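The primary structure of each chain is shown beneath.
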Amino acid sequence: HGERMRFPERERLRAYIEQLRQEGPDRVILCDAQTDPHCVYRGIAALANSGGGIMMIGLTEHEVYGVDAPEVWSSALTRSVREQVEPMPRLNLELLRYSDKEIIKVEVQAEAAPPYMTREGVVYLRRDGEIRPATRQELLDLAAAALPNGAAPGGGFDLPQAGVEVVGAYLRDGVWFYDVRDLRVTSGVTVGLPSRSPPIQ
């Protein structure tokens, strides 16, 4: 009987998580209560390198575990990210209640352009539901995506913060232009590099 009473609440939680995932399958991370708060900085960095995302602490896909001491957990998490991730992403923490248990929602905002690097010198990404170090090509893509932000003339090009890839380059009048893809292809983006610079591969 008790299980039946909790069922609608769990369905609401599942629907909420699914709604979050619509922003991108790799932009939501679920952590159970056994996760060490000092170790989640890799996931936070990975979300920041995707342009931001959500980490939910105290639940998995199938179970609401809750967090026993959310204030202690939140403090440890924030301190760990401050000490381990450069630059530090903006974190907005919120306490949610489900099934009489407390869950911590961490919204990660990438205010600076990626890459976000950990103190051990690793740039983490989240791909296919896993957190892993970036490959050389992925690092080049992150760096290329960050370039036009500061170099675009008059702020004429607003580069998306997530899922950006340079897919083509060509020289015109001594200036390299790039085709940048997120969910679409944006052509004719220039970063104002001198003509001797090779295209970004």
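Residues numbered from 1 in each chain as written. Predicted model: local features only at pLDDT ≥ 70, side-chain atom pairs only at ≥ 80, totals over all residues. Heavy atoms only, no water.

1. What about the overall build of the protein?
Let me state the cut-off plainly: We count a stretch as a helix when DSSP gives it H or I for four or more residues in a row; a strand needs E for two or more, and each element gets its number in order from the N terminus. Only protein chains enter the area calculation, which uses a 1.4 Å probe; residues under 20% of their type maximum are buried, those over 50% are exposed, and those in between are partly exposed. Any two residues whose heavy atoms approach within 4.5 Å at even a single point are treated as in contact. Computed with the Shrake-Rupley method and a 1.4 Å probe, the accessible areas treat only the protein chains shown as cover for residues.
Secondary structure assignment for the protein yields four helices and eleven strands. Taken over 201 residues, the protein has a buried fraction of 43%. Counting only contacts in the protein whose residues sit at least 6 apart along the sequence, the fraction spanning at least 24 positions is 55%. Of the roughly 11,200 Å² of accessible surface on the protein, 50% is carried by carbon and sulfur atoms.

2. Re the sheet that holds strand E4 (residues 90–98)
Heads up, the condition is: Note: two strands are recorded as paired if DSSP finds a minimum of 2 bridges between them. For helices, the fitted axis covers only the stretch in contact; all axes are lines through C-alpha atoms, and the angles between them, taken along N-to-C directions, range from 0 to 180 degrees.
The sheet built from four strands is open, its strands ordered E1-E2-E5-E4 with mixed pairing. Among the strands making up the open sheet, the edge pair consists of strand E1 (28–31) and E4. Averaged over all pairs of adjacent strands, the angle between strand axes in this sheet comes to 20°, irrespective of strand direction. Examined bridge by bridge, E1 and strand E2 (residues 52–57) share four bridges and lie parallel to one another. Looking at the pairing, isoleucine 29 lines up with methionine 55 of E2. Contacts from helix H2 (residues 41–49) reach E1, E2, E4 and strand E5 (101–109) within the one sheet, and its direction differs from that of E2 by about 150°.

3. What about the pairing of E2?
Of all the six residues making up E2, six are buried; the element is thus mostly covered by neighbouring parts of the structure. Burial of E2 is two-sided: the residues Gly52, Ile54 and Met56 facing one way and the residues Gly53, Met55 and Ile57 facing the other way are all buried. In this sheet, E5 lies alongside E2 in antiparallel orientation, the contact comprising six bridges. Counted as the bridge partner of isoleucine 57 is isoleucine 104 from E5.

4. Describing unusual backbone geometry
Here glutamate 86 and proline 87 are connected by a cis peptide whose omega angle stands at -5°. Mapped onto the elements, proline 87 comes out in the loop between strand E3 (85–86) and E4. Residue aspartate 128 is not a glycine yet carries a positive backbone phi of 55°. Within the secondary structure layout, aspartate 128 lies in the loop between strand E7 (124–127) and strand E8 (130–133).

5. Considering the pairing of E4
Inspection of the sheet shows E4 paired to E5 by nine bridges, in the antiparallel sense. Bridged to tyrosine 98 within E5 is lysine 101. The turn joining E4 and E5, which pair antiparallel and follow one another in sequence, is formed by two residues; a positive phi near 50° is taken by serine 99.

6. Notes on the pattern of salt bridges
What counts here: A carboxyl oxygen of Asp or Glu within 4 Å of a side-chain nitrogen of Lys or Arg is what we treat as a salt bridge.
Under the counting rule described, the total for this entry stands at five salt bridges. Glutamate 102 is the salt-bridge partner of arginine 97, the closest N and O atoms lying 3.5 Å from each other. Where glutamate 138 meets arginine 132, a salt bridge forms, and the shortest distance between an N and an O atom there is 2.8 Å. When its relative accessible area of 17% is taken as the criterion, glutamate 138 is described as buried.

7. Some thoughts on the environment of glutamine 84
For glutamine 84, the position within the fold is in helix H3 (residues 70–84). Spatially, the C-alpha atoms of glutamine 84 and cysteine 39 are 9.7 Å apart, while their sequence positions differ by 45 residues. The contacts of glutamine 84, once residues within four sequence positions are left out, are Tyr41, Met117, Thr118, Arg119 and Glu120.

8. A closer look at empty space enclosed by the protein
How we decide: Put simply, the grid is 1 Å and covers the protein atoms alone, a cavity is a trapped set of points that fit a 1.4 Å probe, a pocket is an open set with protein on both sides within 12 Å along at least five of seven lines, and lining residues have an atom within 4 Å of a point. Grid points are joined across faces, edges and corners, and a volume is the space filled by probe spheres set on the points. In this count, Pro and Cys sit with the nonpolar residues alongside Ala, Val, Leu, Ile, Met, Phe, Trp and Tyr, while Asp, Glu, Lys and Arg are called charged and the others, Gly among them, polar.
In the structure shown here, the tally under the stated rule is two cavities of 30 Å³ or more. Within this model, the largest cavity holds a volume of roughly 100 Å³. As for the largest cavity, its lining consists of Arg10, Leu13, Arg14, Ile17, Leu59, Thr60, Glu61, His62, Glu63 and Val64. Broken down by class, the residue content of the lining of the largest cavity amounts to four nonpolar, two polar and four charged.

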